[in-house]
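Observations on the three-dimensional arrangement
Letter by letter, the chains look like this.
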Amino acid sequence: MLHFDDQEHHLTSRSRRQWLAGAIGGLGFGVPAALGARAAFAIDVEPLVSGAKTIKEMPRAGDDLDAIHKRQKGLASEQLPAGEAFEINTFTPYLTMADKQLSGTRTLIPCIRKQVLSVGLEVLEEDQADLPLLSKGQILSYLKEHFVSVQVRVYREPLTDDLYLGARPLASTMRYSGVRLTQDFTPAVSQSADDFRGLGLWLGPQQRAVPTQLRTLVLINKNEQQDGNKDRPTNKMMFEYLFVRAIQTQRKEIELHTFATTDNRSKLHWLETKSEPSRPTDCSLRAAVRFTKYSVQGLIPEAAVTRRSLVKARETFAIEDLDRYANKTWNASAFARLTDTLDAVLAGKIDR
């Protein structure tokens with residue numbers, strides 16, 4: 001079941017009361033300060049994150065994913081305007097204009113944003129003849145010079161300094177070279193970014209929405225794929241998962257690992273994610289597109305279908321192999337023990 005809450009991340013009043021009560025208890029009344037501090041954290045070791053958008057199940061059937069993707073419009077990638085920094089690595093409560101608007105009604109948790117996926121777009125040589133003659137050069141030049149950066153928010157819980165992820169991704173258009181500032185979206189690229197949507201933060205069996213358990217983000221991507229030649233094309237809608245696993249180091253820093261499914265969720269790729277790609281071949285994902293709709297007198301691409309996708313993976317696993325490992329280890333499917341399965345991949349415990 002998917003569970004959502006529209007509130008922003010903040011501490012529950014119950015967690016605040018418990019923390020304060022424990023802290024005050026250590027100040028006197030015959031209780032040693034050290035014992036009082038331990039008692040404070042014994043009451044509630046980790047504050048609950050109110051408003052955390054969590055999930056505990058992931059469907060595998062395409063029809064279910066179509067319906068879920070449509071419902072997740074509110075968690076579509078937040079598209080950054082032109083002129084913003086590539087990433088923000090200093091914790092701040094105000095990453096976007098939407099944050100500043102919310103700040104008047106509640107206290108926001110400080111966060112940063114970091115890239116988890118880079119997407120390069122291209123047009124196959126066989127499809128270039130179909131591009132508008134007057135804008136063909138500009139279109140090809142734009143695709144050669146720009147990529148899409150998909151990013152996530154990393155929050156810092158104020159009482160414990162534990163780091164955790166937000167459920168809504170962000171997206172920006174970036175240049176491969178030159179000044180590392182975000183660029184304006186074109187209509188077709190904007191639509192592509194909109195199709196990356198958050199489902200929520202994965203919670204395993206009997207886990208609670210505390211910071212250390214909110215470190216596996218599940219995203220879904222809708223992508224119209226076209227096979228066959230241009231005279232007799234066959235279009236089909238594809239839905240694939242993107243998983244982001246966050247690991248907090250002993251120095252209170254964050255490591256982000258990105259995983260993507262392909263081939264109707266039958267394969268899982270542990271992606272290479274170069275922080276700042278300088279050419280299309282550096283991107284985690286490269287997609288060859290065919291534009292199907294144009295605006296501005298037929299010159300500016302507005303919609304596209306995917307002709308081919310290439311992933312840059314450290315390792316690739318068949319989902320059935322992951323299921324076999326999960327069933328043997330936990331008597332469950334890989335998706336039912338998602339965080340455990342991803343951690344097993346990172347630890348090199350699963351043979352390809």
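Everything quoted here is computed from the prediction, not taken from an experiment.

Bringing the overall build of the protein into the picture now. Scanning the protein from terminus to terminus reveals eight helices and 18 strands. Taken over 352 residues, the protein has a buried fraction of 47%. Counted over contacts in the protein with a minimum sequence separation of 6, partners at least 24 positions apart contribute 68%. Approximately 17400 Å² of the protein is accessible, and the part contributed by carbon and sulfur atoms is 50%.

This paragraph deals with the packing of aromatic side chains. This model, assessed by the stated rule, comprises eight aromatic pairs. Measuring from ring centre to ring centre gives 5.7 Å for Tyr325 and Trp330, while their planes differ by 80°; the resulting arrangement is edge-to-face. A relative accessible area of 24% means that Trp330 is categorised as partly exposed. Aromatic ring contacts, followed pair by pair, group Tyr241, Phe243 and Phe335 into a single cluster. The residue whose ring lies beneath Arg156 is Phe91, and the NZ or CZ to ring-centre distance is 4.4 Å.

The subject of this paragraph is the nonpolar core. In this structure, Leu117, Leu165, Leu214, Leu256 and Phe291 are the most contacted members of the largest nonpolar core, which totals 44 residues. Here the element with the most residues in this core is strand β7 (residues 111–122); it accounts for six residues. Once residues within four sequence positions are removed from consideration, Leu214 is found in contact with Val49, Ala52, Thr54, Tyr164, Leu165, Leu201, Leu203 and Ala209. Counting residues in each nonpolar core, the second largest holds 25 residues, with Ile55, Ile68, Ala344 and Val345 among its members.

Before going further, it helps to spend a moment on helix α7 (residues 319–330). Count 3.6 residues to each turn of an α-helix, and residues three or four apart come out pointing the same way. Here α7 spans 16 Å end to end across twelve residues, near enough to the 16 Å set by a 1.5 Å rise per residue. Residues of α7 that are buried in the fold lie against β15 (267–271), β18 (313–318) and α8 (338–346). Following α7 by one or two positions, Asn331 adopts a phi angle in the positive range, close to 60°.

Glancing now at the packing of α7 against α8. Interaxial distance between α7 and α8 falls to 11 Å at its minimum, and their mutual angle equals 110°. As summarised for this structure, α7 and α8 are arranged roughly perpendicular, according to the angle between their axes. Contacts between α7 and α8 involve Leu322, Tyr325, Ala326 and Trp330 from the former and Asp340, Thr341, Ala344 and Val345 from the latter.

Attention now goes to the side chain of Thr341. Relative to the assigned elements, Thr341 resides in helix α8. Polar contacts involving the side chain of Thr341 include one to the main-chain carbonyl oxygen of Ala334, which spans 3.2 Å. Look past the residues within four positions of Thr341 in its chain and what remains in contact with it is Leu322, Ala326, Trp330, Ala334 and Ile350.

Attention shifts here to the confidence of the model for the protein. Model confidence for the protein is summarised by a mean pLDDT of 84, while 87% of its residues fall at 70 or above. Segment residues 1–8 is flagged for pLDDT under 50; beyond a separation of four residues in sequence, or across chains, it makes 27 contacts in the model. For the stretch residues 10–43, pLDDT sits under 50, and the model shows 32 contacts to residues farther than four places along the chain or on other chains.

For the rest of this paragraph, the subject is the pattern of salt bridges. Taken as a whole, this structure holds 22 salt bridges when the rule is applied. Measuring nitrogen to oxygen at the nearest pair gives 2.8 Å for the salt bridge that ties Arg307 to Asp127. In this pair, Arg307 is assigned in strand β17 (residues 300–311) and Asp127 in the loop between β7 and α5 (136–145), connecting sequence segments 180 residues apart. The pair formed by Arg307 and Asp127 is uniform in burial state, with each residue classed as buried. As a salt-bridge pair, Arg175 and Glu145 come within 3.5 Å of each other at their nearest N and O atoms. Here Arg175, found in strand β10 (residues 170–175), pairs with Glu145, found in helix α5; they are 30 residues apart in sequence, far enough to count as distant. What makes Arg175 partly exposed here is its relative accessible area of 32%. A residue is classified by how much of its surface remains accessible, and Glu145, at 35% relative accessible area, is partly exposed. Salt bridges linked by common partners bring Glu126, Asp127, Arg290 and Arg307 together as one network.

So, how was this worked out
- Residues numbered from 1 in each chain as written.
- Predicted model: local features only at pLDDT ≥ 70, side-chain atom pairs only at ≥ 80, totals over all residues.
- Heavy atoms only, no water.
- Helix = DSSP H or I, 4+ residues; strand = E, 2+ residues; numbered from the N terminus.
- Buried < 20%, exposed > 50% of the residue type's maximum accessible area, 1.4 Å probe, protein only.
- Contact = heavy atoms within 4.5 Å.
- Areas by Shrake-Rupley, 256 points an atom, 1.4 Å probe, with all protein chains shown as cover.
- Phe/Tyr/Trp six-rings, centres within 6.5 Å; stacked < 30°, edge-to-face > 60°.
- Lys NZ or Arg CZ within 6 Å of the ring centre and 35° of its normal.
- Core = buried A, V, L, I, M, F, W, Y, C linked by side-chain atoms within 4.5 Å.
- Expected span 1.5 Å × (residues − 1).
- Axes fitted to C-alpha atoms, helices over the stretch in contact; angles between N-to-C directions.
- Parallel < 35°, antiparallel > 145°, perpendicular 65-115°, else oblique.
- Polar contact = N/O pair within 3.5 Å; in protein donor to acceptor, adjacent residues only side chain to side chain.
- pLDDT = per-residue confidence, 0-100.
- Salt bridge = Lys/Arg side-chain N within 4 Å of Asp/Glu carboxyl O.

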